[in-house]
Amino acid sequence: MPIVADLSSLPPIPAPRRADDEVRVALVTPAQGSAGMFGLSCRMCAELATVEVNAAGGLLGRPVTLHHVDGGAEPGAVADEVATLVRAGRVDAVVGWHISAVRHRIAPRVAGQVPYVYTALYEGGERTPGVLVTGETPANQLAPALDWMRSELGVRRWAVVGNDYVWPRASAAVAARWARSHDRPLADQIFVPLGTRDFEPVLRRVERSGADGVLMLLVGEDAVHFNRAFAAGGHHHRRTRLSTLMDETMLLASGARATQWLYSAAGYFEDLATSDALDFTARFGRRFGVRAPVPSSLGESCYEGMNLYAALVRRAGSLRREDLLAVSEEVRYGGPRGDVVVRSAHAVQDVYLAEARGVHFDVLDRLSSGVREN
């Protein structure tokens, strides 16, 4: 059964008393579909950022409030809802994690009017004026991870299994170029619709391909079902898996027996042992309690997105889109991922490689480093 984001039991967000208006943010996160299992973590992390911004006086002396939009609905419907909010002047910005198919529909309709902070890892290449990206891209995530898997584990021949939309296909193209540069073309590329549950035909193709590694470019529940089928067929004894979209929520849903020899690359993991990450985990726990979902890399990205928006407003002293874009290359902000700067509308950050150990990740190495400025 899909996991639906329900915030009805969360504590209310306190706002600065001196505020006489609100800064309103449309938070677009999935509450249904393959990615719906991330929704609660995304919203809770955004809520925590909002609490902290408001505790520090809000933005321009105003409290920040969130207007939740279900980013797991049909992309056109999501874009219609967000565009209606923007056109009516009901929100000052758009922030959120959602798949690229949704971003492609939202960006051309709203980014010319309000700032749009897209927090998901994605395929790269977003250049729409007004869109700012805090997530990882294949250049700093996928290619270094493939290098690491080759040098450390000896994985050389890859088969790709992904959902059939722009992020998996563009990422697979990056993997294909990497494979050709190492004289080992991809063994196979297999794309399935979002919502796929039966992976037996896919696994038969993987077996025939002779690949010693599977690059998983599957979203949420699709990846969970793939992991279960992969382990049930004993494939984890013959080949390893790498995913650039795999968090602790997905590990837990897959089950410990289905995560052996599974690796992931991301800018944040719940078990990342840096002082910034540990401090964030402690604050998250104090806010939501020990029974709350973990602030996974996908959920935590919404904390990053809210912090970037707050940093832009504070630097510009304005809510106007043009003013925020004018200072975007001047801002830096700190958070669970450490110090982050923005270059060409993209956040520059560290990326790590981790191995699944049951339903947790063991962070093994740093793959790429963010900008370090004095």
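Quick note: structure is the one above.
The rules we used
Residues numbered from 1 in each chain as written. Predicted model: local features only at pLDDT ≥ 70, side-chain atom pairs only at ≥ 80, totals over all residues. Heavy atoms only, no water. Helix = DSSP H or I, 4+ residues; strand = E, 2+ residues; numbered from the N terminus. Buried < 20%, exposed > 50% of the residue type's maximum accessible area, 1.4 Å probe, protein only. Contact = heavy atoms within 4.5 Å. Polar contact = N/O pair within 3.5 Å; in protein donor to acceptor, adjacent residues only side chain to side chain. Core = buried A, V, L, I, M, F, W, Y, C linked by side-chain atoms within 4.5 Å. Pairing = 2+ DSSP bridges. Axes fitted to C-alpha atoms, helices over the stretch in contact; angles between N-to-C directions.

### A word on the environment of R24
Position of R24 among the secondary structure elements: in strand β1 (residues 23-29). Under the relative-accessibility criterion, R24 is labelled partly exposed at 25%. As for R24 and L298, which are separated by 274 residues in sequence, their C-alpha atoms are 22 Å apart. Those residues in contact with R24, other than ones at most four positions away along the chain, are T65, G89, R90, V91, D92 and A93. A distance of 3.4 Å separates the side chain of R24 from the backbone oxygen of R90, its partner in a polar contact.

### Structural notes on the environment of P336
Among the secondary structure elements, P336 is positioned in the loop between β11 (332-335) and β12 (338-343). Accessibility expressed as a relative area gives 2% for P336, which makes it buried. Excluding residues within four positions of it along the chain, P336 makes contact with Y268, L272, T274, D276, A277, F280, E300, Y303 and E304.

### With respect to the nonpolar core
Membership of the largest hydrophobic core comes to 125 residues, with the highest contact counts inside it found for F38, W97, F226 and Y309. If you tally residues by element for this core, the top one is helix α10 (residues 297-316), at 10 residues. Beyond its immediate stretch of four places on either side in the chain, Y309 contacts V23, V25, L59, D92, A93, P115, V117, L319 and L324.

### Regarding the sheet that holds strand β14 (residues 351-357)
Spatially, the seven strands line up as an open sheet ordered β7-β6-β8-β9-β10-β14-β15, and their pairing is mixed. At either end of the open sheet lies a strand with only one pairing partner, and these are β7 (188-192) and β15 (360-368). The average angle at which neighbouring strand axes cross in this sheet is 20°, direction not considered. Sheet analysis places strand β10 (residues 262-266) next to β14, joined by four bridges and oriented antiparallel. Each bridged residue has a counterpart across the sheet, and for A265 the counterpart in β14 is L353. Sitting on the sheet, helix α6 (residues 200-209) touches β6 (158-163), β7 and β8 (213-217), and the angle it makes with β7 is about 175°.

Everything listed is a geometric property; what it means functionally is a separate question.
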